[in-house]
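Observations on chain architecture
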Amino acid sequence: MIIFQGENGKKMHKFDLKYKNQKMIITANNPNRKSWLNVNKDSDFPIQNIPFGVFITKEDIITIGSRIGDFAIDLGALHQLGYFNGIPLTDDIFLQDNLNDFIADGRKTWRLVRNRIADIFEVTNGKLRDNATHKEHIIFRMDEVEMLLPVSVGDYTDFYASKEHATNVGSLFRDPENALLPNWLHIPIGYHGRSSSIIPSGTPVRRPYGQTKPAEGSNTPGFGPSKLLDFELEMAFITTDANTLGDRIPIHEAEEHIFGLVQFNDWSARDIQAWEYVPLGPFLGKSFASTISPWIVTLDALAPFRTNNPKQVHTPLPYLKQEGKGSYDIHLQVAIQPENGEETILSNSNFKYMYWTMAQQLAHHTVNGCPVEAGDMMGSGTISGPTKDSYGSMLELTWRGQNPILLKDGTTRTFINDHDTVIMRAHCKNEHVRIGFGECVGKVLPAK
Ligand code: MN
């Protein structure tokens, strides 16, 4: 181990020094920056956000892009016109239908590109601002483009990291006395999901068919469209190439391998889930669809919102022991909008309620030597807060249908009806800046 002498004579590990130096160069986060593009005061996408996504234009051109206010920025065009000169990038890095290669380039490249975009759109920089021809090629209004999946998701894992959620679900599915199983406080519990059904916000979701528990007095299972269709209010993080087969990611390096986060609705059919989940866990009750918000907000953009995760009951094993603030203060909200009706907000939660942090999840995921690739997606698990108005699923909010929720249009819900639209939102806010994720939206269509 190489030890460096840091500030005030404090000893620093080589990695910490590298991280400290990199940290100093996130100039894109400067809260005093203003853009020459118009940004509404309450926008999720000020110049300090600079998220990454993939969009298709009206001319059917697919490109990697970013967003400021309600403008989409074509990074492929910016690159071709020379605006990234001096940053080592391949010619076609942004002319792709996913961000996987860019993500695989690593954190140093993400930082250089994000900082450069911030400079290009800085109010005092006239280079692009005063070049009408270039602007025409680079800048689109958001209503002129369609957002696609930002990454090609190779593998998708979903965790189960909110203690409140695990306690509520354990009470409802099993036994209120022993709601939290003994392993839960020691392991970031997770399962491997299907990446093939991860869809971008706005894609409709078909109510799934499946087997359900036999009715009382019968020994034949039910079969038909799910009657207990639910959402799960989650976030998901997206990784870079992190380790090779047989190697693990040490916890103090874990965040280096996280590119950013999206909102994540892990649609769940509770009746299918209840019948199938013992002994191997979730399967078809979850794998029919998971909706993500289309803009990946980088971990760098979220840096000012770092906060403590809940105090852990047991001291974690050494490979899970994380120093410093392990979480982020991200406000989460979920609403239902009936067809032709007004939306009703069902819950307000926060990412910081997660008991296990992203770094702990990634360290745990790789402790057995399982490789993590660029573009892999890790769901947080449903994020329920401590109070009844902060639960992250209908299962918990209505206590499995016992307490229906009254919507603004006078109808009630125990679970999600056909033609309902589920809307999730997420944002961070301090006295200087608001960094948000936009919306994660999905409308339920009747079973086929
Ligand atoms: Mn889930």
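Further up the page is the structure itself.
Residues numbered from 1 in each chain as written. Predicted model: local features only at pLDDT ≥ 70, side-chain atom pairs only at ≥ 80, totals over all residues. Heavy atoms only, no water.

**Focus: the overall build of the protein chain**
We count it as follows: A run of H or I in DSSP becomes a helix once it reaches four residues, and a run of E becomes a strand once it reaches two; helices and strands are each numbered from the N terminus. Only heavy atoms enter the contact rule, under which two residues are in contact if any of them lie within 4.5 Å.
Secondary structure assignment for the protein chain yields 11 helices and 28 strands. With the C-alpha coordinates aligned to their principal axes, the bounding extent of the protein chain is approximately 75 × 55 × 40 Å. Here the analysis covers contacts within the protein chain between residues at least 6 apart in sequence; of these, 72% occur between residues at least 24 apart.

**Re the sheet that holds strand β3 (residues 53-56)**
The strands that make up a sheet are held in pairs by hydrogen bonds between backbone atoms, and each pair lies either parallel or antiparallel. Let me state the cut-off plainly: At least two bridges found by DSSP between two strands are what make those strands a pair. Here, axes are lines fitted to C-alpha atoms. For helices the fit covers the stretch in contact, and angles between N-to-C directions go from 0 to 180 degrees.
Strands sit in the order β6-β5-β4-β3-β7 across an open sheet of 5 strands; the sheet is antiparallel. Each of the sheet's edge strands pairs with one partner strand only, and the pair in question is β6 (139-141) and β7 (146-148). Going across the sheet, the axis of each strand differs from the next one's by a mean of 45°, ignoring polarity. With 3 bridges connecting them, β3 and β7 associate as antiparallel partners. By the bridge assignment for β7, Phe55 is matched with Met147.

**Some thoughts on the coordination of the manganese ion**
Quick reminder of the rule: Think of the donor list as every N, O and S atom within 2.8 Å of the metal, or within 3.2 Å for Na, K and Ca; water never makes the list, so a site can look incomplete. Exposure categories follow from relative accessible area, calculated using a 1.4 Å probe and restricted to protein chains: below 20% of the type maximum is buried, above 50% is exposed, and the middle band is partly exposed.
Within the protein, the atoms that donate to the manganese ion are Asp158 (OD), Glu232 (OE), Glu234 (OE) and Asp266 (OD), at distances of 2.1 to 2.2 Å. Here the donor residues of the manganese ion share one chain and are spaced in sequence as D-x73-E-x1-E-x31-D. Glu234 carries the same exposure label as Glu232, and that label is buried.

**Side note on helix α4 (residues 107-120)**
Note the following rule: Given the number of residues in a helix, its expected span is that number minus one, multiplied by 1.5 Å.
The end-to-end C-alpha distance of α4 is 20 Å, a good match for the 20 Å that 14 residues give at a rise of 1.5 Å each. With respect to burial, α4 is a largely interior element, 10 of its 14 residues being buried. Looking only at α4, the buried set comprises Arg107, Thr109, Trp110, Arg111, Val113, Arg114, Asn115, Ile117, Ala118 and Ile120.

**Overview of a negative patch on the surface**
Counted only if it meets this: Each patch groups residues whose relative accessible area exceeds 30% and which form no salt bridge, using 9 Å between like charges and 5 Å between nonpolar side chains of Val, Leu, Ile, Met, Phe, Trp and Tyr. Accessible areas in this description were obtained via Shrake-Rupley with a 1.4 Å probe; residue shielding takes into account the shown protein chains only. Just to be clear on terms, a salt bridge is a Lys or Arg side-chain nitrogen sitting within 4 Å of an Asp or Glu carboxyl oxygen. Residues scored as charged are limited to Lys and Arg (positive) and Asp and Glu (negative), so that His and the chain ends carry no count. By convention, charge coordinates are those of NZ in Lys, CZ in Arg, CG in Asp, or CD in Glu.
A surface patch of negative charge is lined by Asp91, Asp92, Asp101 and Asp105. Along the polypeptide, Asp92 turns up in the loop between α2 (75-80) and α3 (100-104).

**Things to note about the environment of Phe45**
Looking at the element boundaries, Phe45 is found in the loop between α1 (14-23) and β3. Along the backbone, Phe45 and Gly436 are 391 residues apart, and their C-alpha atoms lie at a distance of 6.3 Å. In this view, Phe45 contacts Val39, Pro51, Arg67, Ile68, Gly69, Trp295, Gly436, Phe437 and Gly438; residues no more than four positions away in its chain are not counted.

**Overview of the nonpolar core**
The line we're drawing: The nonpolar core is taken to be a set of buried Ala, Val, Leu, Ile, Met, Phe, Trp, Tyr and Cys residues, with the residues joined through side-chain atoms within 4.5 Å.
Core analysis: the largest hydrophobic core is formed by 65 residues, its most contacted members being Leu261, Leu302 and Ile330. Not counting the four nearest positions on each side in its chain, Leu302 is found in contact with Leu261, Val297, Tyr328, Ile330, Cys428, Ile435 and Phe437. Ile93, Val151, Ile238 and Phe259 belong to the second largest nonpolar core, which has 45 residues in total.

**Concerning the pairing of strand β5 (residues 71-74)**
Direction of pairing for strand β4 (residues 62-68) relative to β5: antiparallel, over a ladder of 4 bridges. Bridge pairing in β5 places Gly65 opposite Asp74. Here β4 folds back onto β5, and the loop between the two strands holds 2 residues, one of which, Gly69, carries a positive phi near 55°. Summarising the sheet, β5 and β6 pair through 3 bridges and their orientation is antiparallel. When the bridges of β6 are listed, Ile73 appears paired with Ile139.

**As for the pairing of strand β27 (residues 421-429)**
Counted residue by residue, β27 has 7 buried out of 9 residues, so it is predominantly covered. Of the strand pairs in this sheet, strand β22 (residues 331-337) and β27 are connected by 7 bridges, and their pairing is antiparallel. Considered in β27, the bridge of Leu332 is made with Ala426.

**Description of the sheet that holds strand β28 (residues 434-445)**
Taken in spatial order, the 5 strands make up an open sheet running β11-β28-β27-β22-β23, and their pairing is mixed. Both outer strands of the open sheet, β11 (205-206) and β23 (344-350), are each paired with one neighbouring strand and no more. For β27 and β28, the ladder comprises 8 bridges, and the chain directions are antiparallel. Residue pairing for β28: Cys428 is matched across the bridge by Ile435.

**Some words on the pattern of salt bridges**
Overall, the coordinates contain 21 salt bridges when judged by the stated rule. With a shortest N-O distance of 3.4 Å, Glu256 and Arg107 are connected by a salt bridge. With Glu256 in the loop between β15 (233-239) and β16 (258-265) and Arg107 in helix α4, the pair connects residues that are 149 residues apart, well separated along the chain. In this pair, the class of Glu256 matches that of Arg107, namely buried.

**A short note on helix α10 (residues 358-366)**
With 9 of 9 residues buried, α10 lies mostly within the body of the structure. Within α10, burial applies to Met358, Ala359, Gln360, Gln361, Leu362, Ala363, His364, His365 and Thr366.

**Some points on the packing of aromatic side chains**
Applicable threshold: Aromatic contacts are taken between Phe, Tyr and Trp rings whose centres are within 6.5 Å, Trp giving its six-membered ring; a plane angle under 30 degrees counts as stacked, one over 60 as edge-to-face, and the others as tilted. Put simply, a charge is over a ring when the Lys NZ or the Arg CZ is close to the ring centre, within 6 Å, and near the line of the ring normal, within 35 degrees.
Scanning all chains against the criterion turns up 14 aromatic pairs. Geometrically, the ring pair formed by Phe55 and Phe140 is edge-to-face, given 5.9 Å between the ring centres and 70° between the ring planes. With Phe55 in strand β3 and Phe140 in strand β6, this residue pair connects regions lying 85 residues apart in the sequence. Phe140 carries the same exposure label as Phe55, and that label is buried. One aromatic cluster is present, built from ring pairs that chain together Phe52, Phe84, Phe94, Phe102, Trp110 and Phe259. A cation over a ring is seen here: Lys127 above Tyr83, with NZ or CZ 4.7 Å from the ring centre.

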